[in-house]
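# Survey of secondary and tertiary structure
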Amino acid sequence: MAWKVIIGLGMASILSVCVVLAVESDRVKVAQPSAESWLTMVDEGSYADSWNQAAGYFKGAVKQEKWQDTLQLLRKPLGKVISREVKSKSYHTSLPGAPDGEYVVIQFETFFENKKSVVETVTPMMDRDGKWRVSGYFIK
């Protein structure tokens, strides 16, 4: 009898892990297109639009003019995007230096015409309006 309880508890644990992974996977799938469309704005030089479409947290941390100036300095010299592939993506409920919430960290390997193999990290978050919006962008 005890072994049936142990097996039942084990199966329940496995099932709950599967459910959590499925929910996380769904969130990643929903957040990724918002990151990609936001990157398209940046690729096109629409820096003001990228700021306007970013998460409220992002806009509170970086003024629009500063954002535009920074992208002008960092992105413009790289030239046009030749290719971009997702390198990794993961769901988080907390990140260092950010308030607790729902985040998806996506790393892209990007090749530009003037710079080979750059890692871009784009972090969409669930914004207050229930939409995934970019809250962070880093180039390495």
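Scope of this entry: the structure provided in the associated data block.

Reading the values: the criteria
Residues numbered from 1 in each chain as written. Predicted model: local features only at pLDDT ≥ 70, side-chain atom pairs only at ≥ 80, totals over all residues. Heavy atoms only, no water. Pairing = 2+ DSSP bridges. Helix = DSSP H or I, 4+ residues; strand = E, 2+ residues; numbered from the N terminus. Axes fitted to C-alpha atoms, helices over the stretch in contact; angles between N-to-C directions. Buried < 20%, exposed > 50% of the residue type's maximum accessible area, 1.4 Å probe, protein only. Contact = heavy atoms within 4.5 Å. Core = buried A, V, L, I, M, F, W, Y, C linked by side-chain atoms within 4.5 Å. Salt bridge = Lys/Arg side-chain N within 4 Å of Asp/Glu carboxyl O.

Turning next to the sheet that holds strand E3 (residues 118-126). Here we have four strands laid out as an open sheet, ordered E1-E2-E3-E4, and antiparallel in their pairing. Only two strands of the sheet have a single neighbouring strand rather than two, namely strand E1 (81-92) and strand E4 (132-139). Recorded for the sheet is a direction-independent mean angle of 25° between the axes of neighbouring strands.

Time to look at the side chain of Gln32. Among the secondary structure elements, Gln32 is positioned in helix H1 (residues 2-43). A relative accessible area of 12% places Gln32 in the buried class. Apart from the residues lying within four places of it in its own chain, the contact partners of Gln32 are Val86, Lys89 and Ile106.

Core analysis: the largest hydrophobic core is formed by 21 residues, its most contacted members being Trp38, Leu39, Trp67, Leu71, Val104, Val122 and Tyr137. Secondary-structure elements contributing two or more residues to this core are H1, helix H2 (47-52), helix H4 (64-74), strand E2 (103-112) and E4. A total of seven residues in this core trace back to one element, the largest contributor, which is H1. Discounting residues that sit within four places of it in the chain, Leu39 has contacts with Arg84, Phe108, Glu120, Val122 and Tyr137.

What follows deals with the environment of Trp51. Its location among the elements puts Trp51 in helix H2. In this structure Trp51 comes out as buried when scored by relative accessible area, which is 15%. Taking the C-alpha atoms as reference points, Trp51 and Trp38, 13 residues apart in sequence, are found 9.2 Å from one another. If we ignore the near neighbours within four places in the chain, the residues touching Trp51 are Phe58, Lys59, Val62, Lys63, Gln64 and Trp67.

Note on placement: Ser135 falls in strand E4. Aside from chain neighbours lying at most four places away, what touches Ser135 is Ala55, Tyr57, Phe58, Tyr103, Thr123, Pro124 and Met125.

So, about the pattern of salt bridges. Between side chains of opposite charge, a pair can form when the charged atoms approach closely. A full pass over the atoms with the stated rule returns seven salt bridges. Asp43 is paired through a salt bridge with Arg75; the nearest N and O atoms lie 2.5 Å apart. Taken together, the residues span a long stretch of sequence, with Asp43 in helix H1 and Arg75 in the loop between H4 and E1 at a distance of 32 residues. For Asp43, the salt bridge goes to Arg84, with nearest N and O atoms at 2.7 Å. Residue Asp43 is found in helix H1, and its partner Arg84 is found in strand E1; the two are separated by 41 residues along the sequence. On the basis of relative accessibility, which here comes to 32%, the residue Asp43 falls in the partly exposed class. On the basis of relative accessibility, which here comes to 23%, the residue Arg84 falls in the partly exposed class. One salt-bridge network, in which partners are shared between bridges, spans Asp43, Arg75, Arg84 and Glu120.

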